[in-house]
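Residue-level listing of the chains:
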Amino acid sequence: MSGHSNDSLPLDASKPAAEEVKSNSEDLKRSLPAGLGLSETQITSHGYDSPKEGVIDAGTFEGSPAPPLPSVMSPSRAAAGQLAQQGGDLIVPAGSQKAQTKSGPVILADEIKNPAMEKLELVRKWSLNTYKCTRQIISEKLGRGSRTVDLELEAQIDILRDNKKKYENILRLAQTLSTQLFQMVHTQRQLGDAFADLSLKSLELHEEFGYNADTQKLLAKNGETLLGAINFFIASVNTLVNKTIEDTLMTVKQYESARIEYDAYRTDLEELNLGPRDANTLPKIEQSQHLFQAHKEKYDKMRSDVSIKLKFLEENKVKVLHNQLVLFHNAIAAYFAGNQKQLEQTLRQFHIKLKTPGVDAPSWLEEQ
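The structure presented is a predicted model; accordingly, all values stated were derived computationally and were not measured.

(A) Representation of the overall build of the protein chain in the model. When its secondary structure is counted, the protein chain shows 8 helices and 3 strands. Here the protein chain holds 368 residues, and the buried ones make up 29% of them. At a minimum sequence separation of 6, the contacts of the protein chain that also span at least 24 residues come to 76%. Total accessible area on the protein chain stands at roughly 25,700 Å², and carbon and sulfur atoms take up 57% of it.

(B) Geometry of helix 5 (residues 206–274). Along its 69 residues, helix 5 runs 98 Å from first to last C-alpha, staying within 8% of the 102 Å computed at 1.5 Å per residue. Most pronounced at Glu-246, the bend in helix 5 amounts to some 35 degrees.

(C) Inspection of the UniProt feature "coiled-coil region" (unreviewed entry) in the protein chain at higher detail. Taking the numbering used here, the UniProt-annotated feature "coiled-coil region" (unreviewed entry) corresponds to residues 150–177. With 96% helix and 0% strand, residues 150–177 has end C-alpha atoms that lie 41 Å from one another.

(D) Quick peek at the pattern of salt bridges. Throughout the structure, instances matching the rule amount to 18 salt bridges. Between Lys-132 and Asp-268 there is a salt bridge whose closest N-O contact spans 2.7 Å. With Lys-132 in helix 3 (residues 115–141) and Asp-268 in helix 5, the pair connects residues that are 136 residues apart, well separated along the chain. When its relative accessible area of 9% is taken as the criterion, Lys-132 is described as buried. Ionic pairing is found between Asp-197 and Lys-201, a salt bridge with its closest N-O pair at 3.5 Å.

(E) Local environment of the environment of Thr-179. Examined against the element boundaries, Thr-179 turns out to sit in helix 4 (residues 151–201). For the pair Thr-179 and Leu-227, spaced 48 residues apart in sequence, the C-alpha to C-alpha distance is 9.1 Å.

(F) Local environment of the packing of helix 3 against helix 5. At their nearest, the axes of helix 3 and helix 5 sit 9 Å apart, and the two run at 90 degrees to each other. Judged by the angle between their axes, helix 3 and helix 5 are roughly perpendicular. Contacts from Asn-129, Lys-132, Cys-133, Arg-135, Gln-136, Ile-137 and Glu-140 in helix 3 reach Arg-259, Ile-260, Glu-261, Asp-263, Ala-264, Tyr-265, Thr-267, Asp-268 and Glu-271 in helix 5. Here the residues of the contact of helix 3 with helix 5 sort into 5 nonpolar, 3 polar and 8 charged.

(G) The arrangement of the packing of aromatic side chains in detail. Under the defined criterion, the tally for this structure stands at 6 aromatic pairs. Linked through ring pairs, Tyr-255, Tyr-262, Phe-292 and Tyr-299 together constitute an aromatic cluster.

(H) Structural context of helix 3. Relative to the 39 Å expected for 27 residues at 1.5 Å per residue, helix 3 spans 39 Å between its end C-alpha atoms, a close match to the ideal helical length. For helix 3, the complete set of buried residues consists of Asn-129, Lys-132, Cys-133 and Gln-136. Tucked into the core, helix 3 has its buried residues touching helix 5 and helix 6 (281–336). One or two positions beyond helix 3, positive phi appears at Gly-143, with a value near 80 degrees.

(I) How the structure looks around the confidence of the model for the protein chain. Overall, the prediction assigns the protein chain a mean pLDDT of 74, with 65% of residues at 70 or greater. Of all the helices and strands in the protein chain, strand 1 (residues 42–44) carries the lowest mean pLDDT, 43, while helix 4 carries the highest, 93. Note that residues 357–361 has pLDDT below 50 and, in this model, 1 contact with residues that lie over four places away or in other chains. In the predicted structure, residues 363–368 sits below a pLDDT of 50 and forms 1 contact with residues beyond four places in sequence or in another chain.

(J) Highlighting the nonpolar core. By size, the foremost hydrophobic cluster in this structure holds 41 residues, and its most contacted members are Ile-157, Leu-181, Ile-245, Tyr-255 and Val-306. Taken together, the elements giving at least two residues each to this core come down to helix 4, helix 5, helix 6 and helix 7 (340–349). It is helix 5 that provides the largest number of residues to this core, a total of 17 residues. Leave out the neighbours within four places in its chain, and Val-306 touches Leu-153, Ile-157, Thr-251, Val-252 and Tyr-255.

Parameters and conventions
- Throughout, residues of each chain are indexed from 1 in the direction in which the sequence is written.
- Given that this is a predicted model, residues contribute local features only at a pLDDT of at least 70 and side-chain atom pairs are listed and counted only at 80 or more, while totals for whole chains, interfaces and linings are drawn from all residues.
- Hydrogens and waters are ignored; side-chain quantities use all the structure's heavy atoms.
- Numbered from the N terminus, helices here are DSSP runs of H or I no shorter than four residues, and strands are runs of E no shorter than two.
- Categorising residues by exposure relies on relative accessible area from a 1.4 Å probe, with only protein chains included: less than 20% of the type maximum marks a residue as buried, more than 50% marks it as exposed, and the intermediate range marks it as partly exposed.
- The contact rule is simple, with two residues in contact once any of their heavy atoms fall within 4.5 Å.
- Where accessible areas are quoted, they stem from the Shrake-Rupley method and a 1.4 Å probe; at the residue level, only the protein chains shown are allowed to cover.
- Residue count minus one, scaled by 1.5 Å, sets the expected span of a helix.
- Fitting one axis to the seven residues ending at a residue and another to the seven starting there, the bend at that residue is the angle between the two axes.
- UniProt positions are given in the numbering used here, feature names are shortened, and annotations may be inferred rather than shown by experiment.
- Criterion for a salt bridge: a side-chain nitrogen of Lys or Arg within 4 Å of a carboxyl oxygen of Asp or Glu.
- Structural elements are reduced to axes, namely lines fitted to C-alpha atoms, with helices fitted over the stretch in contact, and the angle between N-to-C directions of any two is expressed from 0 to 180 degrees.
- An angle below 35 degrees is treated as roughly parallel, one above 145 as roughly antiparallel, one from 65 to 115 as roughly perpendicular, and anything else as oblique.
- Side-chain classes are defined by residue name, with Ala, Val, Leu, Ile, Met, Phe, Trp, Tyr, Cys and Pro counting as nonpolar, Asp, Glu, Lys and Arg as charged, and the others, Gly among them, as polar.
- Aromatic rings from Phe, Tyr and Trp, with only the six-membered ring used for Trp, were paired whenever their centres fell within 6.5 Å, and each pair was classed as stacked if the ring planes differed by under 30 degrees, edge-to-face if by over 60, and tilted otherwise.
- Across the chain, each position has a pLDDT score giving the predictor's confidence in that residue, from 0 to 100.
- For this analysis, a nonpolar core means a set of buried residues of the types Ala, Val, Leu, Ile, Met, Phe, Trp, Tyr and Cys, connected via side-chain atoms within 4.5 Å.

The following block contains the structure:
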């Protein structure tokens, strides 16, 4: 013990250390992937007297040819143990993926999608589509471009738009009539109150003022009943014009936009087909064919949706207007004929409830 330095070990103690290093070296070799190809591996432990006692020849490793690693590694015993434990976690270089270790999964990262690039791509597609559609619209207005026309469907759409204008005119006139009738009923009620007051103060004309007061009050009451029928007519026609028909016209606008896109991409495909066919133009033609087919399917779907909505709108319009026109006619006729019972019966027939003047609507608790 005294003949050696403080960093040296006895000869007998070096044997188990050499065996431990040899075992760790074999574990390290097994954990290395086959593609690395070590021709010779030597592990040298510090602190031995003889260099032969600390060197272990691993021999030649058979595997795919690759540049050899550094032939000599000189860790301590603790470092050699850590290398043996971490051998299964070695990372395969990106350039050599011929063989993979079974000790752990190798994850290849996919391309990370950048939200900014996605938005930029959406803006690019929108700009291109807008350009094509604008060019198609200008070409049609100048008479240079062709457009797809469904004669039967276009005729139904024109009739719908024309009817909408006429219904809007009827709605405006009915609202004017309602306003004027309300003013007349209000004036008749005030006139009846004035006649009733004079009937009490003028004894010699008590009966005459009383007859006129009763007549004006009755006219005001019948006018309120007629006003309720007219307002119900206005509300129903307003729903038909500004909701039902407007919803159908919104679908028509979507159909027309789809038609313009379809014609724009159809024209683009026709222009490419008229040009030369080579390695540069064939991919463009295939892409244009794909876009044309997608917009054709969208156009066909929107045309079908418009046809269905027009059919249901026609059925609903006939049903609604039939009931409202009967109501309007019967109420006007009964009012000017002075038939109060017939007027009230007309309102009951269409389930119209009149608000009593000076009485607020019942709360939801009272309705329950």
